[in-house]
Amino acid sequence: MSWFCMLLLLLIVFLVEVGAECGHNGPSIRFPFGLKHDRNHIAYHGFELSCNDTHTVLELPIPSIKFFVTDIDYKAQVIKVYDPDNCLLRKLLKIRNLSSNSPFRFAQDNLSNYTLFNCSREGEGETSLYYQSIPCLSGPGYQIYVAQPNSAIDELPIDCTKLNNTSLLPYEGYDIYDTKYDHNLRLKWLEPACGHCEAKGKRCRPKNNTTMFEIDCFHFHPKGEKKKYVAVGKLSY
């Protein structure tokens, strides 16, 4: 191992004990997460977060998709995010094979392909057990509906044209249909496997003199208040 890599690992081990957060009520940010451009809180690859005002931001690559973070459960290894643009489905449609492009995957076990339909404005806002209108994807003169798997087009209330099937998305309807601003999408990670450390009331960090893929549990002794970060400027999408 090069001296640079060894020094980097020692720096991470030394600093991982102190968490950070964006604003006063943001989730605690600690290993494997870290803040971009902050040498005091270096992240495991793919776990970089940033601050936008008092919001904690997770950016998924390929394509770049940004979510606001509401909670990080280090024991269960689950991060809860929501779309600040209030159109969760629009961003989910851009995701292709989530686990191959990031360390995360959908926390729900039930995934399915949904079907999108472009329909006339007549009957706007109608919903049923099988389909739901998506206002944020619709526009003047047309309404976009998302339908449950295996739904027939004649179950829709108006003239519609099938657009395409989605990639595998969480099957639970509220994850796809809910357009509330504070709605959460749950993502989980498998590596690094720090959950067993948290279950013992400990913290997780890279082992000394190893790669970041090997982790170690350690007893955490708070040394003071968590650092607070506030970013200036607006988030662009």
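This write-up is about the structure you can find in this document. (Residues numbered from 1 in each chain as written. Predicted model: local features only at pLDDT ≥ 70, side-chain atom pairs only at ≥ 80, totals over all residues. Heavy atoms only, no water.)

Our next topic: the packing of aromatic side chains. On inspection of all chains with the given rule, the structure shows 11 aromatic pairs. Consider the rings of Tyr-44 and Phe-47, whose centres lie 5.7 Å apart with planes at 80°: the pair is edge-to-face. Tyr-44 sits in the buried class, given a relative accessible area of 8%. Here Phe-68 and Tyr-82 contribute two aromatic rings whose centre-to-centre distance is 5.8 Å and whose plane-to-plane angle is 90°, an arrangement assigned as edge-to-face. (Phe/Tyr/Trp six-rings, centres within 6.5 Å; stacked < 30°, edge-to-face > 60°. Buried < 20%, exposed > 50% of the residue type's maximum accessible area, 1.4 Å probe, protein only.)

A separate point is the state of the cysteines. If you walk through the whole model with that rule in mind, you get five disulfides. Residue Cys-22 pairs covalently with Cys-51 via a disulfide, S to S 1.9 Å. With the S-S dihedral at roughly -75°, the linkage between Cys-22 and Cys-51 falls on the left-handed side. Separated by 29 residues along the polypeptide, Cys-22 in strand β1 (residues 20-22) and Cys-51 in strand β3 (residues 48-52) bring together distant segments of the chain. Neither residue differs from the other here; Cys-22 and Cys-51 are each classed as buried. Here Cys-87 connects covalently by a disulfide to Cys-136, the sulfurs 2.0 Å from one another. What sets the handedness of the Cys-87 and Cys-136 disulfide is the S-S torsion sign, and at about 70° it is right-handed. Placement of the pair is Cys-87 in the loop between β6 (78-82) and α2 (88-92) and Cys-136 in the loop between β10 (131-133) and β11 (143-147), with a sequence separation of 49 residues. Owing to a relative accessible area of 24%, Cys-136 belongs among the partly exposed residues under this scheme. (Disulfide = S-S within 2.5 Å. Helix = DSSP H or I, 4+ residues; strand = E, 2+ residues; numbered from the N terminus.)

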